[in-house]
Amino acid sequence: MTLVRRATPDDAGELLRLRQVMIDSMPGANTDAGWQSESLSTVTARLADPDGGFAAFVVDHPERPGSLAALVVGTVEYRIGRAGNPHGRVGYVFSVATDPDARRRGYARVCMEALVEWFREQGVGQIDLTASADAEPLYASLGFTRQPDPFMRLRF
């Protein structure tokens, strides 16, 4: 049985390491890992606040004590309600990563299941994520459906 647990502030460095694993796998992504040192204090603080609308679920690496094998991270956001989600609480999954030497063991799935349950407990009316083609079968098996995406971005 895989042990999934909610990440703690002590996991912040490993969480950032695995996020970089995810970033490195994206074609065209900026793979400079220098951001991690600046991000560490923020992520540590977010993990220390159990009611802050931020959660990460992890599996410890079975062969490397002190390392994580997999993680998922999500936030609860508020948007003005609408039909189907009158309270406007939306879950957003923004990091799903498995260490390359720990893949194909079901770790991402059990982490996602834990995050989905946490979103339910938070009263979320919908969960959004972006999915690579490789990850789409996992999300579809959990009930996610592909949506038309008018997504745009402005960076500062």
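Refer to the preceding data block for the structure.
Let me sum up the structure you'll find in this document. Fair warning: this is a prediction, and the values are worked out from it, not measured in the lab.

Here we take up the side chain of His 61. Locating His 61 in the fold gives a position in the loop between strand E2 (54–60) and strand E3 (68–78). There is a polar contact of 3.1 Å between the side chain of His 61 and the backbone nitrogen of Glu 63. A distance of 3.2 Å separates the side chain of His 61 from the side chain of Arg 64, its partner in a polar contact.

Moving on to the pattern of salt bridges. Under the counting rule described, the total for this entry stands at 11 salt bridges. Notably, a salt bridge pairs Glu 14 with Arg 17, separated by 2.8 Å at the nearest N-O pair. One end of the pair, Glu 14, and the other, Arg 17, are both in helix H1 (residues 12–24), 3 residues apart, so they sit about a helical turn from each other. For the salt bridge of Asp 128 with Arg 79, the shortest nitrogen-to-oxygen distance reads 3.5 Å. Residue Asp 128 is found in strand E5 (residues 126–129), and its partner Arg 79 is found in the loop between E3 and strand E4 (89–98); the two are separated by 49 residues along the sequence. The exposure class assigned to Asp 128 is partly exposed, which follows from its relative accessible area of 24%. Within this structure, Glu 14, Arg 17, Arg 64, Asp 99 and Asp 101 form a network of salt bridges that share partners.

Right, let's talk about unusual backbone geometry for a bit. With the exception of glycine, the majority of residues adopt a negative phi angle, and the majority of peptide bonds are in the trans configuration. The phi dihedral of Arg 104 is positive, around 70 degrees, even though this residue is not glycine. Summarising the element assignment, Arg 104 is placed in the loop between E4 and helix H3 (107–121). Here Arg 104 falls in the exposed class, since its relative accessible area comes to 86%.

In terms of nonpolar packing, the biggest core is built from 24 residues, with Met 112 and Leu 115 touching the most fellow members. Of all the secondary-structure elements, those providing two or more residues to this core are E2, E3, E4, H3 and helix H4 (136–141). A total of 9 residues in this core trace back to one element, the largest contributor, which is H3. When residues no more than four places from it in sequence are discounted, the contact partners of Leu 115 are Ala 55, Phe 57, Val 72, Val 73, Gly 74 and Val 93. Met 22, Phe 54, Val 58 and Leu 68 belong to the second largest nonpolar core, which has 17 residues in total.

Compared with the 18 Å implied by 1.5 Å per residue over 13 residues, the 18 Å span of H1 between its first and last C-alpha is a close match. Among the residues of H1, Ala 12, Glu 14, Leu 15, Leu 16, Leu 18, Gln 20, Val 21, Met 22 and Ile 23 are the ones counted as buried. Looking at the buried residues of H1, the elements they touch are helix H2 (35–48), E2, E3 and E4.

Conventions and cut-offs
- Residue numbers here run from 1 along each chain, matching the order of that chain's written sequence.
- Only residues with pLDDT of at least 70 get local features here, since the model is predicted, and only at 80 or more are side-chain atom pairs given and counted; chain-wide, interface and lining totals rely on the full set of residues.
- To get the side-chain values, all heavy atoms of the structure are used, and hydrogens and water are removed first.
- A helix here means a DSSP run of H or I that spans at least four residues, while a strand means a run of E at least two residues long, and both kinds are numbered starting from the N terminus.
- Here a polar contact means two N or O atoms within 3.5 Å. Within protein one must be a hydrogen donor candidate and the other an acceptor candidate, and residues neighboring in sequence count only if both atoms are side-chain atoms.
- Any Lys or Arg side-chain nitrogen found within 4 Å of a carboxyl oxygen on Asp or Glu counts as a salt bridge.
- Burial classes follow relative accessibility: with a 1.4 Å probe on protein chains only, a residue under 20% of its type's maximum area counts as buried, one over 50% as exposed, and anything between as partly exposed.
- Here, nonpolar core means buried Ala, Val, Leu, Ile, Met, Phe, Trp, Tyr and Cys residues that are tied together by side-chain atoms lying within 4.5 Å of each other.
- Residues count as neighbours in contact if any of their non-hydrogen atoms are within 4.5 Å of one another.
- To estimate how far a helix should extend, the number of its residues minus one is multiplied by 1.5 Å.

Note that every value here comes from positions in space, so none of it alone points to a role or purpose.
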